[in-house]
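Coordinate inspection notes
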Amino acid sequence: MTQATLLGQILDHANRADPYPLYAELRKTPVYREEDTNTYVVSNYWEIKGLLHDPRISSDARNLSPRAAGALPDQEEEESALPPTFLKLDPPEHDRLRRMTMRPFGPPETPRRVHNMRGELSKIVSDLIDDFGDREQIDLVDNFSYPFPVTVICRLLGIPREDEARFHTWADTIAASLDPDPSEDPTERRRIAQTARTDLGVYLAGLIDERRKAPGDDMLSALATEHGPDGQMSQMEVLSTAALLLIAGHETTVNLITNGMLTLLRNPDVLKRLRAEPQLAVPLVEELLRFEPPVQLLPQRTTLADIEVAGTTIPKGASLWLVLASGNRDPQRFLDPDRFDPDRKDNQHLGLGSGIHNCFGAPLARLEAQIALTELARRLDNPRLLEDPPPYRQNAVLRGPRHLNIAFDGCRP
Amino acid sequence: MAGDGYLEWMRREGRIVIVGASLAGLRAAETLRKEGFTGSLTLIGDEPYEPYDRPPLSKQVLLGQTSADRTALPQRMEFDAHWRLGVAATGLDMANRRVRLADGDEVEYDRLLIATGVHARPWPHEAEADLDGVFVLRTRDDAAGLQRRLVGARRVLVIGAGFTGSEIASACRERGLPVTVVERAAAPLVGALGGVVGQAAAELQREHGVDLRCGLMVTGLEGDSAGRLRCAHLSDGTTVEADVAVVSLGATRNTAWLADSGLGAGPRGIACDAGCRAFDVRGIVTDDVFVAGDVARSPHALFGYQFLSLEHWGNAVAQAEIAAHNMISASSDRRPHLWVPAFWSSQFGVSIKSVGVPSLGEEILIAQGALAEHRFTGVYGYQGRVIAAVTFDQTKWLEFYQRQIETAAPFPPPFPTVDRRPEGLRPVPADFPDPSLPTHAPSVTLSGYSPTDRRITFTPVRA
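One structure accompanies this document, and this report is about it. (Residues numbered from 1 in each chain as written. Chains lettered and ligands numbered in written order. Predicted model: local features only at pLDDT ≥ 70, side-chain atom pairs only at ≥ 80, totals over all residues. Heavy atoms only, no water.)

Brief notes about the overall build of chain A
Each helix and strand counted, chain A has 16 helices and twelve strands in total. Relative to the globule expectation of 22 Å for 413 residues, the C-alpha radius of gyration of chain A, 21 Å, shows essentially globular dimensions. For chain A, the spread of C-alpha atoms along the principal axes amounts to about 60 × 55 × 45 Å. When burial is assessed residue by residue, chain A has 57% of its 413 residues classed as buried. Here the analysis covers contacts within chain A between residues at least 6 apart in sequence; of these, 74% occur between residues at least 24 apart. In the form shown here, chain A has an accessible surface area of approximately 17,000 Å², with 52% of it arising from carbon and sulfur atoms. Placing the 48 positive and 63 negative side-chain charges of chain A at their respective mean positions leaves the two points 3 Å apart. (Helix = DSSP H or I, 4+ residues; strand = E, 2+ residues; numbered from the N terminus. Rg over C-alpha atoms; globule rule 2.2 N^0.38 Å. Buried < 20%, exposed > 50% of the residue type's maximum accessible area, 1.4 Å probe, protein only. Contact = heavy atoms within 4.5 Å. Areas by Shrake-Rupley, 256 points an atom, 1.4 Å probe, with all protein chains shown as cover. Lys, Arg positive; Asp, Glu negative; His and termini not counted. Charge placed at Lys NZ, Arg CZ, Asp CG, Glu CD.)

This is the structure we're talking about:
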């Protein structure tokens, strides 16, 4: 196996259903270099952990050397006219924006925001399952994993219920553009995505104006009006942060829930246990984040200096990939790593990252997945997979099934 | 008593006594049981309480967020032990392997663990220390008493701006109480973190409304006719009216009870080897007396094998676990305690954490962030190597610098970092006070490493 093909194989959709043997291959070379693109790939647990805390690693693409083009197809995202989100910034700008976003979301200022959403989340989940009606077969992605987090993010941001449908459509379109389908015309796709982004931007800008005049208890109001120790967010910063919360907040949760149900259906004993002991959901979701993390790798890092990692010097300005999903299965760190074991002890996985960029929405994502999986396990009677492996999305970074067709004998009340 | 046979017998039915029923004592007891010790286990503590956690005492308890009696340490497991609480150990007979207790009782042991910790250094003038309103803060009772007195206090005087003093001042300000802090050094936290970081800490205190007076001493506390604290006199001739004073002048190791035991115990702690075995006064390592926690003083490979005693929560846990393991293990299975010193503090809304031994640092470099923003990472250098790091609200970077310390990476760090500001580009003197100058009492200082430059200096107390 030559080096160039290994990265190519990881990006190749044919291997999407089970990239883990490729990661095992990758781990044999702790720092793997792809010549053409000057990309350095790190796949072992301790090395990734170290780099996530290394202040010589930048998340700001402006620090990439011109040579480091990157092997991924252009990710576009919210590249429009909006300023970069804190995901793609270094301190101190990163810290300032993240702090300001955290104020209305979590401790210390708002410690109960996520906790207080528990009832609402349960309600949304119940309603979605009720909507299965008397069907005995569904696509879990379209009927459940997708609408759930989008509805949640709407409630969190304070999108009025009557606008949720429009919002869902934009969200779907933008999310789809993150997952390029080679069979479609790229120009046309870009145009559609761009239109959706613009429409969403205009909509959010209008909503922000309303919230400035009459703030509510939602995050958009807080972002638009709060004046804390770091000052106030500009209109553009509010817009770009809201867009980040929207995209990062649901594209990942969809996959966490879908991967979760897929894993449970492949491990019927665990599914049975979850039905009997709902408190298993907490360690189970942690194990899922290790075993099938929705974000497989972080491709947006670069080096501010020459850095030695495991005997290899990564030059300044190189494109650096941290393969979280591979670190999570590193046998040097986890016993029997390819086994799904919700009772695993000391499960310090990399599924939500680590260091200053660790997943901002982690508390919400965890709760969403815990509630969703517990309810699915409780209410679906004799659920089973109709297709294994299911069809996967194109995306190698945000990896997950595009459809998950499951059958069941009925829905319990 | 062949080695292996004895050890097996010891693990099965030996008697282990732990003096000190706080964090280190508890964790050691748990470890002993977890590792299969089935003999008799006795824990002796001078306070009447089950083991409790101290960090909340100067924070949540003073803020009234929790009460002092709700700080019990969680037990990691159920274990069987004789608890002798509320009775202090008063002596040690090493020859006959007995611990003498204040109630006249004696407890025999086959292996002994000393984890007696430290106590708060009291105000030196006894009559003044006895005034109503004068406190120290070390125990649960101290915290409960102080917390009660803060209700309706007119002004709180904090004497000493180390970590405990600064945390007390922070809690008082958060409660809206007027606070005066008097610190003998040029800034708060100077002894632990040096003058550069101390200046940032001073700004932090002043921004939060503390009346901070540095370079001064309290020369006397004065009470009213009813014996209640009325005011304090300072060395610059001024007076502070205060009805509560908290004496935060550091800690003294609880070794007095070992005075004639023959153990290598003194005011700086009990010397032990890296495996937590205590030394006797002749410099011979004992094989049945072990030490852990604040009271221990052991050589550390990362810091030139200097004997360090660390008043750190994490150190107490790690050292207790190692000591317990070694107490019931054959010499070939023993492990060294090589914990990288680390501690944290929370004050004025800032989370302060450090790794390594900052006070050994000669120079400091602000590697990330800015002092003025009270959000930064300071890296300490000693002889061209990284020896410690401190963060103000930048905890997530600390792990990286810990590895720099562990690998004795070069200082100043030769690489750029995210959030590196122009003012942080150069190392500057860390500005620690001369360690040969005593802060609280006259003393004799032994300095120098090789016989040619070794000297003994007498330093009188400074006014």
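Brief notes about the sheet that holds strand β20 (residues 277-279) of chain B
Residues and elements named next belong to chain B. The strand order across the open sheet formed by six strands is β3-β2-β1-β7-β21-β20, and the pairing between neighbours is mixed. Lying at the two open borders of the sheet, with one neighbouring strand each, are β3 (82-85) and β20. The mean inter-strand angle of the sheet, taken between neighbouring strand axes irrespective of direction, is 30°. Looking at chain direction, strand β1 (residues 15-19) and strand β2 (residues 40-45) are connected through five bridges and run parallel. Along β2, the bridge assignment pairs Ile-18 with Leu-43. (Pairing = 2+ DSSP bridges. Axes fitted to C-alpha atoms, helices over the stretch in contact; angles between N-to-C directions.)

A few points about unusual backbone geometry
Backbone torsion omega between A:Pro107 and A:Pro108 reads 0°, so that peptide bond is classified as cis. In this structure, the amide linkage connecting B:Phe411 to the following residue, B:Pro412, adopts the cis form with an omega of -5°. Locating B:Pro412 in the fold gives a position in the loop between α9 (398-406) and β29 (428-429). Despite not being glycine, A:Asn382 has its phi angle at roughly 50°, a positive value. Here A:Asn382 lies in the loop between β9 (380-381) and β10 (384-385). Given a relative accessible area of 39%, A:Asn382 falls into the partly exposed group. In the Ramachandran plot, B:Asp419 falls in the positive-phi region, its phi being about 65° despite a non-glycine side chain. Of note, B:Asp419 is situated in the loop between α9 and β29.

Comments concerning the side chain of A:His94
Residues and elements named next belong to chain A. Along the chain, His-94 falls in helix α4 (residues 93-102). Note on His-94: relative accessible area 1%, which makes it buried. If sequence neighbours within four positions are ignored, His-94 has contacts with Phe-86, Leu-89, Ile-356 and His-357.

What about helix α8 (residues 147-157) of chain A?
Since one α-helical turn is 3.6 residues long, residues separated by three or four positions face the same way. Extensive coverage of α8(A) is indicated by the burial of ten of its eleven residues. Just downstream of α8(A) lies A:Gly158, where phi reads positive at about 90°.

Looking at the pattern of salt bridges
Inspection of every chain in the model, using the stated rule, returns 59 salt bridges over all chains. For A:Arg339, the salt bridge goes to A:Asp341, with nearest N and O atoms at 3.3 Å. The buried category is assigned to A:Asp341, whose relative accessible area is 16%. Across the pair B:Arg277 and B:Asp273 runs a salt bridge whose closest N-O atoms are separated by 2.8 Å. Salt bridges sharing common partners tie together B:Arg15, B:Arg98, B:Glu106, B:Glu108 and B:Asp110. (Salt bridge = Lys/Arg side-chain N within 4 Å of Asp/Glu carboxyl O.)

Observations concerning the environment of A:Leu271
Residue and element names in this part refer to chain A. Counting through the fold element by element, Leu-271 comes out in helix α13 (residues 268-276). Taking the relative accessible area as the measure of exposure, Leu-271 reaches 5% and is therefore buried. Apart from residues lying up to four places away in sequence, Leu-271 is in contact with Leu-264, Leu-265, Ala-377 and Pro-383.

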